[in-house]
Amino acid sequence: MFIQTESTPNPATLKFLPGRPVLGAGTADFPTEEAAAASPLARRVFGAGGVAGVFFGPDFVTVTKAEDADWAHIKPGILGAIMEHYQSGEPVMNGEAGAVGHAEHDGPDEAIVSQIKELLDTRVRPAVAQDGGDITFHGFERGVVYLHMQGACAGCPSSTMTLKMGIENLLRHYIPEVTEVRPVAG
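Residues numbered from 1 in each chain as written. Predicted model: local features only at pLDDT ≥ 70, side-chain atom pairs only at ≥ 80, totals over all residues. Heavy atoms only, no water.

1. Topic: the overall build of the chain
- When its secondary structure is counted, the chain shows four helices and nine strands.
- Secondary structure elements of the chain, listed N to C terminal, follow the sequence β-β-β-α-β-β-α-β-α-β-β-α-β.
- Taking 16 Å as the expected radius of gyration for a compact globule of 186 residues, we find that the chain reaches 17 Å, a close match to that expectation.
- Here the C-alpha coordinates of the chain stretch approximately 50 × 30 × 25 Å along the principal axes.
- Put simply, 61% of the contacts in the chain that link residues at least 6 apart link residues at least 24 apart.
- Between the centroid of the 13 positive side chains of the chain and the centroid of its 23 negative side chains there is a distance of 4 Å. (Helix = DSSP H or I, 4+ residues; strand = E, 2+ residues; numbered from the N terminus. Rg over C-alpha atoms; globule rule 2.2 N^0.38 Å. Contact = heavy atoms within 4.5 Å. Lys, Arg positive; Asp, Glu negative; His and termini not counted. Charge placed at Lys NZ, Arg CZ, Asp CG, Glu CD.)

Have a look at this one:
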């Protein structure tokens, strides 16, 4: 088994490509070791040491290192943990726990929110997945769209620029009711 790694715009995050499906569809976010209880793979990656967060995409695992960790020291252990997991035959997830999607929203803005989610799914999420992250809808209130940033997007130095110059401009162009985009904390 050969696992490729790719850097992301976030220097604290690396994207690992095992060459096999990870989730197949959707994403799962494990911002803490406790959150990883439902995933044998995430538990193994945290167990490698120096890991602050784990995020799964359809075919990748994004790992965020602890502040005091050095990639040169922890990357071999993470690669070993991913390889060991796939050789074990265990599932990536126990049940559906941890799967992430857009927040539900109903009420007078339901049509606008539906357009926002559609644009996020077709234009934004595929692009940020290439960088090892995900952005999901959290809420819409008085023209402000609230988004949850995960994986490599969470804490990325360029995430504010992506949010303001990219996503906000895109949503405002297609949906006049949108005035601003803001991130929400996990």
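2. Side note on the side chain of S39
- Its location among the elements puts S39 in the loop between β3 (27-30) and α1 (40-47).
- A polar side-chain atom of S39 sits 3.0 Å from the main-chain amide nitrogen of A42.
- Apart from the residues lying within four places of it in its own chain, the contact partners of S39 are F30, F56, V92 and M93. (Polar contact = N/O pair within 3.5 Å; in protein donor to acceptor, adjacent residues only side chain to side chain.)

3. A word on the packing of aromatic side chains
- One pass over the full model with this rule turns up two aromatic pairs.
- Geometrically, the ring pair formed by F55 and F60 is tilted, given 6.3 Å between the ring centres and 35° between the ring planes. For the pair formed by F55 and F60, the shared burial category is buried.
- Sitting above the plane of the F60 ring, K15 keeps its charged end 4.8 Å from the centroid. (Phe/Tyr/Trp six-rings, centres within 6.5 Å; stacked < 30°, edge-to-face > 60°. Buried < 20%, exposed > 50% of the residue type's maximum accessible area, 1.4 Å probe, protein only. Lys NZ or Arg CZ within 6 Å of the ring centre and 35° of its normal.)

4. Concerning the pattern of salt bridges
- Counting across every chain of the model gives eight salt bridges.
- Across the pair E6 and K15 runs a salt bridge whose closest N-O atoms are separated by 3.9 Å.
- Residue E6 is classed as partly exposed on the basis of its relative accessible area, which comes to 34%.
- Classification of K15 by relative accessible area gives buried; the value is 6%.
- For the salt bridge of R142 with E141, the shortest nitrogen-to-oxygen distance reads 3.1 Å.
- Owing to a relative accessible area of 44%, E141 belongs among the partly exposed residues under this scheme. (Salt bridge = Lys/Arg side-chain N within 4 Å of Asp/Glu carboxyl O.)

5. Focus: the sheet that holds strand β7 (residues 133-141)
- Spatial ordering of the open sheet is given by β7-β8-β9, a layout of three strands whose pairing is mixed. Each of the sheet's edge strands pairs with one partner strand only, and the pair in question is β7 and β9 (180-184). When the angles between neighbouring strand axes are averaged without regard to direction, this sheet yields 30°.
- Inspection of the sheet shows strand β8 (residues 144-151) paired to β9 by five bridges, in the parallel sense. From the neighbouring strand, Y146 faces β9, where its bridge partner is R182.
- On top of the sheet, helix α3 (residues 110-130) reaches β7 and β8; it is set at about 160° to β7, its chief contact.
- Across the sheet, helix α4 (residues 159-174) lies against β7, β8 and β9, angled at about 140° from β9, the strand it touches most. (Pairing = 2+ DSSP bridges. Axes fitted to C-alpha atoms, helices over the stretch in contact; angles between N-to-C directions.)

None of the figures reported here should be taken as evidence of function without further support.
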